[in-house]
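Here is what each chain is made of, one letter per residue.
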Amino acid sequence: MDTVFKKPHALTDTTMHYCPGCTHGIAHRLIAEVIDELGIEGKTVGVSPVGCAYNNYIYFNCDMVQAAHGRAPAVATGIKRVHPDNFVFTYQGDGDLAAIGTAEIVHAATRGEKITVIFINNAIYGMTSGQMAPTTLIGQVTTTSPFGRKPELHGYPVKVCELLSTLEGAVYVERVSLHDVKNIKNAKSAIKKAFKVQAAGLGFSIVEVLSSCPTNWGINPVGALEWIKDKMIPVYPLGNFKGKDLEV
Amino acid sequence: MADQQIIISGFGGQGILSAGRILAYAGMLEKKNVSWLPSYGPEMRGGTANCHVIISDEAVGSPILNSATSLIVMNGPSLDKFEGIVESGGIIIKDSSLVERDPNRKDVQVYGIPATKVAFEMGNPTFANIILLGKLIEVTKIISKEAFEEALKKTLPAKKHHMIPDEMKALEYGMHYSA
Amino acid sequence: MGEKLLMKGNEVIAEAALRAGCRHYFGYPITPQTEIAHYMAKKMNELGGTFVQAESEVAAINMVYGAASAGARVLTSSSSPGISLKQEGLSYIAGAELPAVVVNIVRCGPGLGGILPAQCDYFQAVKGGGHGDYKMVVLAPSSVQELYELTVEAFNIADRYRIVSMIMGDGILGQMMEVVEFKDKENIEKVEKNWATTGTQMKREHNTITSIYIEPEILEKHNQKLQAKFALIAEKETRVESYNCEDADIIVTAFGTVARIVKNVIKMAQKEGIKVGLIRPITLWPFPVKEFEKYADVPKAFLSVELNAGQMVEDVKLAVNGKRPVHFYGRMGGMIPTQKEILDKIKEILNK
């Protein structure tokens, strides 16, 4: 009998703690599949963020380093500079990357650090229970924008791919979504390409992954996927912002 | 004298700090204990510069000088600032082309040399500090001329070594200058 | 021993780190320690090491965290306001038990303060600074030669115990030139770092570097393990210099630059028939408590002289434990006490 589907080797057997309908688990699996397919588990070091994925080091079989809130790109810089032949990736949420860690992500990109960033954008703070994120949509209700995000009070959503793609050091920038099978497949190829860009030593690569947070959005899991499609994608258009034609 | 506490002071750009450094280096070559402490920070930029140099047979305690046995001044404000801390019986050497007034102190030896003017005449205004150091080592005997030359070789980059004979001439001018 | 060189304190720190095998430096410019970065920028290029001018001190200390995780000997340097920014990272490094060396060439505060010498970060360095129960080994050199020797040793201590070693100096020490004699070969302790995240190479279980333990029982155990380590360090790594203490009328205690001034005071006092001793803590943490216990009955009083409003004096009082009066004399804002000022204070205490 042929095995047609199995857990990637790069994932541990530990049961994940994420809420029902949360897409963190899918994102983890895609990264692990890519690590397996590229055969780089033994040479990969991941950096865990602060946020719901704070302890995702227990889910990956590669070496992992847990970082302070927002500092993953700086930590990854240190790791990569010591062992330039290793693959280093960070896994960061929108509060981590686009609020408290803005300086670190911008400058890691500016320096063209040869790391891969997986940026989970679900438009809300999950772990601290549903506060407004820098990527929260206009009108979106959160525990700290109880009457909806208002531009005059809270400003506008941060568009990370658009921002980082202006920097020369960022060579591969792509936004993907996990709301359906077709997009999940696209997400995987983007993550794979990002790792290949790192392998080729071309510079900084980032994949922004539009993700769901049914619990803090107050929407059921299926509805949450619809919400990504209907509400998030118009604000955060999918596609490649940089490095589409890189041959890797 | 086996022990000298020297303050060299003037404008940034007059070679104040490097004069002190060569002196300390020469002291080290003479197997003395030495320290060199510069003024640092914003006051250096376009303002005054000074350094404290200690050359001693004994271990150097504090590198900060509350009193000095010798003072070299290359501008007026430096004389105003440091004249009072020269020990009785100590010496003040001033660049008389830039420091107009004479020290008020009567209990110290004062030497005035128009070092900047002479350095211009020698074709290199950066020698003014060397001329003044010449007088210092002649009067105090704290280091030898030979150690000074050796220190120049050690502290100057190789591409500037061709200047050493001229620098030694400047040093000797200072040593033998009498007003 | 090798050749004698006349070098600036800051440059000697950098050279010592290189000699100790450090090939990774991360920093952000701040006076009065920038010569360390200048030296590293040049030398790391020659040696094929890493020099990164980070976007902030916060980023720099987190790069240190990453490089230390990956098993490297790593250095960052800064001065007081920058060290405040590094506190987050220092707490994480302590929690994750990573070895690293941090230099603080202290300037006067609070706030932006000034750039002149001070010792006002004593509390920050020895009592925590960042959040949580942790310690750093804090080394306080008082000469350029000692900057060299203690910087090399700082790397050994850091690796031996998986802890941060801090070199604490001031602008005088960093900026001054003094003779330094480098050894032909350094004593570099080889420590097996089988915990480092260097990639599993598919030959071992994966390593994790973390400071988060959500379960209280586990976090308490982790803390107990840290405390046991700190106790061991206190036992093994305390360093102190005592001078003229055996029959002193008064024992002055001072560290770093100030201890040099006090040595001059001792000579001045001798001429006036006053016997002054000196206890100079070389490790500010662990504090040389036993040395104070040893001499607590000897003098009429103790006097702590510091470039701050009175910080180490609290540890001196704890160590002297009420056996003798403990006095304090300090200057702030970059002012340096003269020898005469200190001698006058001694005479006042001794009623002479």
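Residues numbered from 1 in each chain as written. Chains lettered and ligands numbered in written order. Predicted model: local features only at pLDDT ≥ 70, side-chain atom pairs only at ≥ 80, totals over all residues. Heavy atoms only, no water.

A.B. asks: Would you take a moment to explain the pairing of strand β12 (residues 276-281) of chain C for this structure?
C.D. replies: The side chains of a regular strand alternate between the sheet's two faces. All names here are of chain C. Buried residues dominate β12, accounting for six of its six residues. The alternating pattern of β12 places Val276, Leu278 and Arg280 and Gly277, Ile279 and Pro281 on opposite faces, both of which are buried. Bridging between strand β10 (residues 240-243) and β12 involves four bridges; their strand directions are antiparallel. Counterpart to glutamate 241 in the pairing with β12 is arginine 280. The pairing of strand β11 (residues 250-253) with β12 spans four bridges and is classified as parallel. Counted as the bridge partner of isoleucine 251 is glycine 277 from β12. Following the backbone out of β11, through helix α9 (residues 257-271) and into the adjacent parallel β12, one traces a crossover that is right-handed. (Buried < 20%, exposed > 50% of the residue type's maximum accessible area, 1.4 Å probe, protein only. Helix = DSSP H or I, 4+ residues; strand = E, 2+ residues; numbered from the N terminus. Pairing = 2+ DSSP bridges. Right-handed = clockwise from strand over helix to strand, strands pointing away.)

A.B. asks: Would you take a moment to explain the interface of chain C and chain A for this structure?
C.D. replies: How big an interface is tends to be stated in terms of accessible area lost as the parts join. The interface of chain C with chain A comprises 33 residues on the first partner and 33 residues on the second. Carbon and sulfur atoms make up 60% of the surface buried where chain C meets chain A, a total of about 2,500 Å² over both sides. Broken down residue by residue, the surface that chain C buries against chain A is led by C:Glu55, C:Met202 and C:His206, which jointly contribute 21%. The tally of links from chain C across to chain A stands at three salt bridges. When the shortest N-O distance is used, the salt bridge between A:Asp63 and C:Arg204 registers 2.7 Å. At the level of elements, β2 (24-27), β3 (50-53), α3 (57-69), α4 (80-96) and β9 (208-209) of chain C are the ones that each hand at least two residues to the side of chain C that touches chain A. When residues in the side of chain C that touches chain A are grouped by element, the largest group, eight residues, is from α3(C). Looking at the side of chain C that touches chain A residue by residue, the class counts come to 15 nonpolar, 15 polar and three charged. (Contact = heavy atoms within 4.5 Å. Buried area = accessible area lost by both parts, 1.4 Å probe. Salt bridge = Lys/Arg side-chain N within 4 Å of Asp/Glu carboxyl O. Nonpolar A, V, L, I, M, F, W, Y, C, P; charged D, E, K, R; others polar.)

A.B. asks: Is there a simple way to think about the packing of helix α2 (residues 72-82) of chain A against α3(C) in this case?
C.D. replies: For any two helices packed against each other, the geometry is given by the interaxial angle and the distance between the axes. Packing of α2(A) against α3(C) leaves a shortest axis separation of 6 Å and a crossing angle of 45°. Judged on the interaxial angle alone, α3(C) and α2(A) are oblique. Crossing hand, α2(A) versus α3(C): right-handed. In this structure, α2(A) contributes A:Ala74, A:Val75, A:Thr77, A:Gly78, A:Ile79 and A:Val82 to the contact, and α3(C) contributes C:Ala59, C:Asn62, C:Met63, C:Tyr65, C:Gly66 and C:Ala67. Grouping the constituent residues of the contact of α2(A) with α3(C) by class yields eight nonpolar, four polar and no charged. (Axes fitted to C-alpha atoms, helices over the stretch in contact; angles between N-to-C directions. Parallel < 35°, antiparallel > 145°, perpendicular 65-115°, else oblique. Left-handed = near helix turned anticlockwise from the far one by under 90°.)

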